[in-house]
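# Residue-level structure breakdown
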Amino acid sequence: MTEGRPPATGSAPLWERDTEIATVTQALDALCADRSSAGSLLVLRGEAGLGKTALLNETRRMAERRGCTVWSARGGETLRSVPFNVVRQLLQPALVSLLPGEARDYLGDWYDIAGPALGIVDPQEGTADPRYVCDGLVAAVRRLARREWPLVLLVDDAHWADQETLRWLSGFAERLDDLSVLVVVARRPGGVTGDGARHLDAVAAAARPVNLSALTPDATAGITRATVGRHADDPFCREVWAVTGGNPYDTVELLAKVRDSEVQPVEGRAGELRALNRSARGGGLVDRLKGLGIEATRFAWAAAILGTGISVDLVARLAGMSPEVAHGCAELLGNARILTAPDLVAGADSGDGELEFVHPLIASAVYDSIPAGVCTAMHGVAAQILTETGHGAAEASRHLLKVHPDDDEELVEQLREAAREHLAVGAPDAARRCLERALREPPRPEVHAHVLYELGRATLLTAPAVTVEHLRSALAMPGLDEGQRVDAVVRLSQALLHNDELEDAVRTVEAEAARHPASPVRMRLQAVQFMWEGIHGETVSQERSRRLAELAATCTGRDNSERALLILRGFDAMTHGESAEEVVQSCDRALVNGRLAPGLGWTDGEWGIELLMMLGSAYAYADRLDRAESLFAEALRAYTGAGWRGGHLSLANAFLGLAYRRQGRLRDAETALREALALAERVGRGLPLYWSATCGLVDTLLARGDVEEAWSIAGRYGFAPPYPSTIVLPDIRSVRGRLLLAVGRTEDGVNELEAAEKTAASRGGHNPVLAPWSLDLARALAVQDPARAARLAADARRQAERFGTDTAIGEALRLSAALETGQRAVRLAARAVAYLEASPCQYEHAAARVEYGIATRSVAELERGLTLARSCGADGLAAQAREMLETARGLR
């Protein structure tokens, strides 16, 4: 045991902690030895009272002796509903010491994103993406850690930390490899569910565990004799251990009672220990508190209600007592080891200092002892005091959540305001709690629908199924004006779409459109309906395309509803392989001076991301890759600047990767698509954006010639049936079929490509560039069924000529050349090169050059193909070109 420590009761929790202290020492030594060393994370796990806080305090002392900067924070049982509470405790002292200009310099681009969450910057209006805010907090700590090296971060009672802090902590734990910082987290096992448990599990997975156990009888005897005297006999010491179970906190508290009661530490008095122990916690603690008097009890209750920021003056206001009486109570509670003594807290005499409970177990016991009616009333008063002192609705909301429903109009408005403040800093879960509580008040009939509408908007990014429920309820009752109702319908349809309920999404918008006469509102709803139908991967009908074409023909692009219909018409025509020239004309008419119209930008909420992704995709497959890249790069900038870090940024990366892939910039495409997939993983598997990222990456890796990695990605991320009901770009079955062929599973590959053929037939035609299943299927069947392969090639030629782009025609000619022999193959290959040289798709051009060089055995053509393949990053194609070059040169 750690007997070399001073025999004070405060050091008792460090007895028998040599192994744990050695682990901390090792981590501190590594931190201080090399500024470039990787960071480390320790998680102290143990039941309440086993000395986690004492070990954290010892870590602080050890770190400060080494010259480390130490920042610390603690979760609170009654504070888990306060977003960013713990991370603010951790960082605010360092940030508020900086001038505003210095803080902005240190946080850089993350200042406006992380600053509101940290409480150092006023939030902007609107909704901040919680994932992007989390990334901003991770970046903020990383930058500050480099400035403050060597830095130690201590987080106590992490099991009581708020959800937003736990999200940050798990994200930070994943990024410690290149940052020299020591993080020590203390928590109890269990007691956390849902996302909080998942975040704590992620922290544990990245950490070195330090599990604390109870003290042995020998250690308990050592503490007993150090506290009450060396004359304590063995039976008395054994009874101390039996009563406390070796729990260090219980041991210290029991021995303090023994000393205060002047119980002699001998066997004859050992029978009194159990009664004394009962008075140290739980009901016994409450009885002891009551024994201090009504005023001291009320002071302790008020302190427990506040939970944080417990100044004597603030407690006095809440408890309804004079400052003089309050200071007396604080001193009394300090002497009773319930609160820290006010004379030990800097500034306490002026009323500015903060108190805290001696141990979280005491805080919980005091809070639980408050009579229910009194507790509710005190929370209401606390909310009023915080509001009057300018703390804002969000800070007061944790108290308002505890108030009993009472048909209070003002409380409903306060909670709605708090929800808006929570959304602005990236805490949608906190906003949801406020609005759900507002519903229980309940709101006035004319306000009820508005609260449901706001609740649906608050949960759109995090819980589509919940959004559906609330928005349907809002639409079923009066109160929303026309604009809000239409917005609610559109958001409901978006939530249904993200919840993989596409049919309901379409029907919802269709029914609302039928309620309106011919007008811009109706046209908007019709456009949304066509949009959802257009992204359905399986059942888009020719009749639907005809209706869309007729409606779009009446549009001139005079407003955004008409522009949306023009975009949808262009996308629909592209997917069915109609004239690419008409596709581009329709899309161009939706722009204003070549740019997105006001209200139709990437971050504008009226239309959503899907419409603009359709616009960029139509350009990408119609050989207008310059415009596609410009649009998707603009999306990336817009979402990054606006702090949208979740699904929107994932899709922006995925579609920018698509544009790069079409251009032949395969390295850039792979980078963007891997980032898209990493972001999609955080949003959730199975969503359409997840499939887009995975499919695009597999397609790009196949183009690069890295079949093994493409197969590995497919297995790791579930790139296999069943597929989503929404359309995925690039075509999911074509890519899956090509992958199966590449790994030698020919029969499975042919089956997949034939399934793509059936889908195209049900849709009434296809674009052979968008869904190149016919090209790959013809190649796969060339030997076993040459007649069918020839029919597929002829059909691909017809479709390509109908579409009319250089890429489509060139790719169809490449296929025809591959199925021919002799001079006819050479002539077709030459024509393919001519078309693809004029195409913006450089990978396809490189492949055509290599194939033409092989057909003609031309060193010059092979060298040109090799140069193009290298510039594209097509390593497999380049290797093939080098091999054929060696053969061709050997034949000369």
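Look above for the structure.
A brief structural summary.

## A look at the packing of helix H3 (residues 85-96) against helix H5 (residues 111-118)
It is the contact of H3 with H5, at a shortest axis distance of 10 Å, that shows an interaxial angle of 115°. As judged from the angle between their axes, H3 and H5 are roughly perpendicular. Between H3 and H5, the contacting residues are Val-87, Arg-88, Leu-91, Gln-92 and Leu-95 on the first element and Pro-116, Ala-117 and Leu-118 on the second. For the contact of H3 with H5, a count of residues per class yields six nonpolar, one polar and one charged.

## Description of helix H9 (residues 217-228)
Over its twelve residues, H9 runs 16 Å from end to end, which matches the ideal 16 Å to within 8%, given 1.5 Å per residue. Residues of H9 that are buried sit in contact with helix H10 (234-244) and helix H11 (248-260). Downstream of H9 by one or two residues, Gly-229 has phi in the positive range, about 125°.

## Comments concerning the sheet that holds strand E3 (residues 151-156)
Reading across the sheet, the five strands line up as E2-E3-E4-E1-E5 and stay open at both edges, with parallel pairing between neighbours. The open sheet has two free edges, formed respectively by strand E2 (69-74) and strand E5 (208-211), since each of these has just one partner strand. Pairs of neighbouring strands in the sheet enclose a mean axial angle of 15°, with direction left out of account. Looking at chain direction, strand E1 (residues 40-45) and E5 are connected through four bridges and run parallel. Bridging across to E5, Arg-45 finds its partner in Asn-211. Where helix H2 (residues 52-65) meets the sheet, its contacts fall on E1, E2, E3 and strand E4 (181-187), and the angle it forms with E3 comes to roughly 165°. Here helix H7 (residues 163-173) sits on the sheet and contacts E1, E3 and E4; the angle it forms with E4, its principal contact strand, is near 135°.

## Observations concerning helix H20 (residues 409-424)
Taking 1.5 Å per residue as the helical rise, H20 with its 16 residues ought to reach 22 Å, and the 23 Å between its terminal C-alpha atoms agrees with that figure. Among all positions in H20, only Leu-411, Val-412, Leu-415, Arg-416, Ala-418, Ala-419, His-422, Leu-423 and Ala-424 are buried. Looking at the packing, one finds that the buried side of H20 touches helix H19 (393-400), helix H21 (428-439) and helix H22 (445-458). Two or three places before Glu-410, at the opening of H20, Asp-408 has a side-chain oxygen 2.9 Å from that residue's backbone nitrogen. Just downstream of H20, Gly-426 is the residue with a positive phi angle, here 90°.

## A word on the packing of aromatic side chains
All chains considered together, the criterion is met by seven aromatic pairs. With centroids separated by 6.3 Å and ring planes inclined at 50°, the aromatic side chains of Trp-691 and Phe-719 adopt a geometry described as tilted. Pair noted here: Trp-691 is in helix H34 (residues 688-704) and Phe-719 is in the loop between helix H35 (707-716) and helix H36 (732-742), with a separation of 28 residues, a long-range link. With respect to class, Trp-691 is no different from Phe-719; both count as buried.

Rules used in this analysis
- Residues numbered from 1 in each chain as written.
- Predicted model: local features only at pLDDT ≥ 70, side-chain atom pairs only at ≥ 80, totals over all residues.
- Heavy atoms only, no water.
- Axes fitted to C-alpha atoms, helices over the stretch in contact; angles between N-to-C directions.
- Helix = DSSP H or I, 4+ residues; strand = E, 2+ residues; numbered from the N terminus.
- Parallel < 35°, antiparallel > 145°, perpendicular 65-115°, else oblique.
- Contact = heavy atoms within 4.5 Å.
- Nonpolar A, V, L, I, M, F, W, Y, C, P; charged D, E, K, R; others polar.
- Expected span 1.5 Å × (residues − 1).
- Pairing = 2+ DSSP bridges.
- Buried < 20%, exposed > 50% of the residue type's maximum accessible area, 1.4 Å probe, protein only.
- Polar contact = N/O pair within 3.5 Å; in protein donor to acceptor, adjacent residues only side chain to side chain.
- Phe/Tyr/Trp six-rings, centres within 6.5 Å; stacked < 30°, edge-to-face > 60°.

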